[in-house]
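Here is how the chains run, residue by residue.
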Amino acid sequence: MAEELEGGCLCGCVRFRTTQAPLRTLACHCTFCQKVTGSSYYAESMFPMDAVLFNTGKLSSYEHLSDGSNKKVFVHFCPNCGTTVSLTFERWPDIRGISRGCYDDPNAVTLSSHIWTRSTQTGTALPEGVECFSKARMNLEAQAEPSIRHASPVMARPNSDA
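Residues numbered from 1 in each chain as written. Predicted model: local features only at pLDDT ≥ 70, side-chain atom pairs only at ≥ 80, totals over all residues. Heavy atoms only, no water.

Trainee: Can you help me understand the sheet that holds strand β4 (residues 42-48) in this one?
Mentor: The pairing of strands in a sheet comes from backbone hydrogen bonds and takes either a parallel or an antiparallel form. Within the open sheet, the nine strands sit side by side as β6-β7-β8-β9-β4-β3-β10-β12-β13. Their pairing is mixed. Edge positions in the sheet fall to β6 (60-65) and β13 (148-149), since each of these pairs with one other strand and no more. Sheet topology places strand β10 (residues 113-115) next to strand β12 (residues 131-132); two bridges connect them, and they run parallel. Its bridge partner being in β12, S113 is matched across the sheet by E131. (Pairing = 2+ DSSP bridges. Helix = DSSP H or I, 4+ residues; strand = E, 2+ residues; numbered from the N terminus.)

Trainee: Any chance you could explain the nonpolar core here in plain terms?
Mentor: Most often, soluble globular proteins have nonpolar side chains that are buried together. Core analysis: the largest hydrophobic core is formed by 15 residues, its most contacted members being C28, C30, F32, C33, L87, I115 and W116. Those elements that place two or more of their residues in this core are β3 (24-28), α1 (31-37), β4, β7 (72-77) and β8 (84-89). In contact with F32, other than residues within four places in its own chain, are H64, V73, V75 and L87. (Core = buried A, V, L, I, M, F, W, Y, C linked by side-chain atoms within 4.5 Å. Buried < 20%, exposed > 50% of the residue type's maximum accessible area, 1.4 Å probe, protein only. Contact = heavy atoms within 4.5 Å.)

Trainee: Help me out: how do you make sense of the pattern of salt bridges in this one?
Mentor: Should their charged atoms come close, side chains of opposite charge can pair. The tally for this structure, following the rule as stated, stands at five salt bridges. E4 is paired through a salt bridge with R17; the nearest N and O atoms lie 3.9 Å apart. Of this pair, E4 sits in the segment before β1 (6-8) while R17 sits in strand β2 (residues 15-18), and the two are 13 residues apart along the sequence. A relative accessible area of 26% places R17 in the partly exposed class. Here R15 ties to D104 by a salt bridge, and the two come within 2.8 Å at their closest N and O atoms. On the criterion of sequence distance, the pair formed by R15 in strand β2 and D104 in the loop between β9 (95-99) and β10 is long-range, its members being 89 residues apart. You can call R15 partly exposed: its relative accessible area is 25%. Three or more residues joined by partner-sharing salt bridges are found here, namely E6, R15 and D104. (Salt bridge = Lys/Arg side-chain N within 4 Å of Asp/Glu carboxyl O.)

This is the structure:
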């Protein structure tokens, strides 16, 4: 995994680089992340706040109150093209999530876990050998939640086609 990563938004107005490898990269299937991406899940890499440097452009932000933690989640996006570049969290003020799809090479980081799998959409496959959490990795008391590692890929929910 690359120590330094670079990326930016769709239109190129916002650019960033990281000064270290991510702490972890995960796929979140919660309903908030589904809405913020307009897709099935949000893939993000977690970094210490000071490990992400924005070289160009300014980010706009949207504040959302999490229904799970009752803490604020801040969505940081390009005001020109609307790309969600980053998330920050009231719950974890020293952590910044960077959208995996914003890296110049998204395959430079590997997904190490899937969280909130209880909210997955139909047709979503969970890979083998990757930690999968029904909810978050930690509960509100900062205790680790149990995970499952599948021996082979599994469909999180069967398709509902008749």
